[in-house]
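Structural overview for review
Each chain is listed here by its residues.
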Amino acid sequence: MDDPKGKLGVLIPGMGAVATTFIAGVGAIRRHLARPIGSLTQMGTIRLGKRTDNRSPLIKDFVPLAELNDLVFGGWDLFHDNCYEAALKAGVLERTHLDPVKKFLQGINPMPAVFEQRYVKNLHGENVKKGKTKMDLAEQVMDDIKKFKKKNRADRLVMIWCGSTEAFLKPSAVHQTIESFEKGLRSSSPQIPPSMIYAYAALKLGIPFANGAPNLTVDIPAMLDLSIRNNAPVCGKDYKTGQTWLKTIIAPGLKARQLGLHGWFSTNILGNRDGEVLDDPESFRTKEESKLSVLEYILQPDLYPELYKGFHHKVRINYYPPRGDNKEGWDNIDIFGWLGYPMQIKIDFLCRDSILAAPLVLDLVLFLDLAKRCPEMARKGIQEWLSFYFKSPMCAPKLYPEHDLFIQLMKLKNTLRYLRGEELITHLGLEYYD
């Protein structure tokens, strides 16, 4: 794979809480005002060879990732606020963290966004593109990308969706081929939401795309074909941050110990823009599909009917403005053990949504850029090795997605070992006793 040279442009549709927390954090870290806690690329290690070899370098020293100082930022948003103003309104970071990078943040102004009210009913755009057709809007986005690259003298680009959850959408005829999709753009098909317009613009220009929301976006045949045709890696969908992240830790533990599950009730309160958007039933349905699928795939009720067949799984999200970005998730888990005796697990997770998401955005940007520079990976389109970061991981057709966090991490690290010609780690360990 090629070593990174020059600047890496990071393009973000949706310059709200997650995006501004990510950008401000990178600004603070490269000024040595903070540490990149939560970022696998910056703080994680990778074991190489046998345990007796004692080789565990930092991931960022093992694979050729872009340096934080080489990142330049741009994006689109429904509102006119620059990144500093948007970060203040988001209320995630305090002024003590924002003011040292104020000038840097003020220099990042959002481009007018592609927006359609039917897909995000609870937001009203002020800074919005106008076009005769959706193809016209896609061409405007491509023009924005080219101008950004030239202005910032970026050598490479990555696009990562940090926008809102769109109304629920199923694949249809317009999504099946590149030709049908482009025809749909020209006729302004109602089956093409804004997120797909951004993804099309990126992939058409050969730019990697990560989908941080549960939207359909690139998870359709037309986009996957375009991704492969233009060697533009894709991954998604929906950042795995709070409650679902914990599910992908606990559920594998129940399965590993062969403990049964009667039911899992989850509810959340949050008050940020994401909560406002999810207060609309259609947007919530998209999120619900993402959150509900996790347990089915991990526990595999058909293989373990006595333990998991018919378990009850309920998810609720409640918009509660006073809480802001500080989401709270409650879980009640009804399990059973030896001789069928019932037990319970209770979880109250008081988390900060954007604080958990920001390091994931950083890792995805750097890893997608790495994949783009590796022809073998870029040609594959879907980067399943990045499933570690998502609630609804994309995978090849006819495969089921892997949700177990620990298997996902092993897959990610073994992919890095494979790319660098190192022995894959199986944890068999028998060779130590020969």
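Values in this document were obtained by computation on a predicted structure and should not be read as measured data.

Our focus in this paragraph is the sheet that holds strand β8 (residues 312–319). Strand order in the open sheet made by the four strands is β8-β7-β9-β10, with mixed pairing throughout. Strand pairing shows two members of the sheet lacking a second neighbour, β8 and β10 (342–350), which therefore form its edges. Recorded for the sheet is a direction-independent mean angle of 10° between the axes of neighbouring strands.

With that settled, the discussion passes to the packing of aromatic side chains. Inspection of every chain in the model, using the stated rule, returns eleven aromatic pairs. Geometrically, the ring pair formed by Tyr239 and Phe390 is stacked, given 6.4 Å between the ring centres and 20° between the ring planes. On the criterion of sequence distance, the pair formed by Tyr239 in the loop between β6 (234–236) and α11 (243–256) and Phe390 in the loop between α16 (375–378) and α17 (405–419) is long-range, its members being 151 residues apart. Using a relative accessible area of 7% as the deciding quantity, one classes Tyr239 as buried. Measuring from ring centre to ring centre gives 5.2 Å for Phe367 and Trp385, while their planes differ by 65°; the resulting arrangement is edge-to-face. Taken together, the positions of Phe367 in helix α15 (residues 353–373) and Trp385 in the loop between α16 and α17 put the pair 18 residues apart, joining distant regions of the chain. The two residues Phe367 and Trp385 agree in class, both being buried. The structure contains a cluster of three or more aromatic residues connected by ring pairs, namely Phe22, Phe73 and Phe104.

A cluster of nonpolar side chains, contributed by Trp338, Leu339 and Tyr341, occupies part of the molecular surface with about 510 Å² of accessible area. Its location among the elements puts Trp338 in the loop between β9 (328–336) and β10. What makes Trp338 exposed here is its relative accessible area of 76%.

Moving on, we come to α17. Taking 1.5 Å of rise per residue, the 15 residues of α17 would be expected to cover 21 Å, and the 21 Å separating its terminal C-alpha atoms lies within 8% of that figure. Burial in α17 covers these residues: Leu405, Gln408, Leu412, Lys413, Asn414, Thr415, Leu416, Arg417 and Leu419. Elements that come into contact with the buried residues of α17 comprise α2 (40–43), α3 (59–62), α11, α15 and α16. Its side-chain oxygen at 2.9 Å from the backbone nitrogen of Phe406, Asp404 defines the N-terminal cap of α17.

Counting 59 residues, the largest nonpolar core has Phe22, Ile23, Phe367, Tyr389 and Leu416 as its most contacted members. At twelve residues, the largest contribution of residues to this core is made by α15. Residues in contact with Phe367, not counting those within four places in the same chain, are Thr41, Ile59, Leu65, Trp385, Leu386, Tyr389, Leu412 and Leu416. By size, the runner-up hydrophobic cluster in this structure holds 53 residues, among which are Val72, Ala167, Val174 and Ile220.

Further remarks concern empty space enclosed by the protein. Enumeration according to the criterion identifies one cavity of 30 Å³ or more in this entry. Approximately 660 Å³ is the volume found for the largest cavity. Every residue lining the largest cavity is counted, 42 residues in all, and those nearest its centre are Cys162, Gly163, Ser164, Thr165 and Asp274. For the lining of the largest cavity, the secondary structure elements donating two or more residues are α1 (17–30), β2 (71–77), α9 (194–204), β7 (260–270), α12 (273–278), α13 (281–299) and α15. Looking at the lining of the largest cavity, its residues break down into 21 nonpolar, ten polar and eleven charged.

Here we come to the sheet that holds strand β4 (residues 154–161). With parallel pairing, six strands are arranged side by side in an open sheet as β3-β2-β1-β4-β5-β6. Sheet topology places β3 (111–112) and β6 at the edges, where each strand pairs with a single neighbour. By the bridge criterion, six bridges tie strand β1 (residues 7–13) to β2 in an arrangement that is parallel. Across the sheet, the residue bridging to Gly9 is Val72, located in β2. Where α9 meets the sheet, it contacts β1, β2, β4, β5 (209–211) and β6, and its direction lies at approximately 160° from that of β5.

This part covers the pattern of salt bridges. All chains considered together, the criterion is met by 15 salt bridges. The partner of Lys391 in a salt bridge is Asp238, and the shortest N-O contact between them spans 3.7 Å. Linking Lys391 in the loop between α16 and α17 with Asp238 in the loop between β6 and α11, this pair joins segments that are 153 residues apart in sequence. The exposure class of Lys391 is buried, given its relative accessible area of 5%. A salt bridge links Arg323 to Glu328; its shortest N-O distance comes to 2.7 Å. By relative accessible area, Glu328 is classed as buried at 7%. A network of salt bridges, in which partner residues are shared, links Glu116, Arg118 and Lys134.

Thresholds applied
- Residues numbered from 1 in each chain as written.
- Predicted model: local features only at pLDDT ≥ 70, side-chain atom pairs only at ≥ 80, totals over all residues.
- Heavy atoms only, no water.
- Pairing = 2+ DSSP bridges.
- Helix = DSSP H or I, 4+ residues; strand = E, 2+ residues; numbered from the N terminus.
- Axes fitted to C-alpha atoms, helices over the stretch in contact; angles between N-to-C directions.
- Phe/Tyr/Trp six-rings, centres within 6.5 Å; stacked < 30°, edge-to-face > 60°.
- Buried < 20%, exposed > 50% of the residue type's maximum accessible area, 1.4 Å probe, protein only.
- Patch = residues over 30% accessible without salt bridge, like charges linked within 9 Å, V, L, I, M, F, W, Y side chains within 5 Å.
- Areas by Shrake-Rupley, 256 points an atom, 1.4 Å probe, with all protein chains shown as cover.
- Salt bridge = Lys/Arg side-chain N within 4 Å of Asp/Glu carboxyl O.
- Expected span 1.5 Å × (residues − 1).
- Contact = heavy atoms within 4.5 Å.
- Polar contact = N/O pair within 3.5 Å; in protein donor to acceptor, adjacent residues only side chain to side chain.
- Core = buried A, V, L, I, M, F, W, Y, C linked by side-chain atoms within 4.5 Å.
- 1 Å grid on protein atoms, 1.4 Å probe; cavity = no way out; pocket = protein on both sides within 12 Å on 5 of 7 lines; lining within 4 Å.
- Points joined across faces, edges and corners; volume = space filled by probe spheres on them.
- Nonpolar A, V, L, I, M, F, W, Y, C, P; charged D, E, K, R; others polar.

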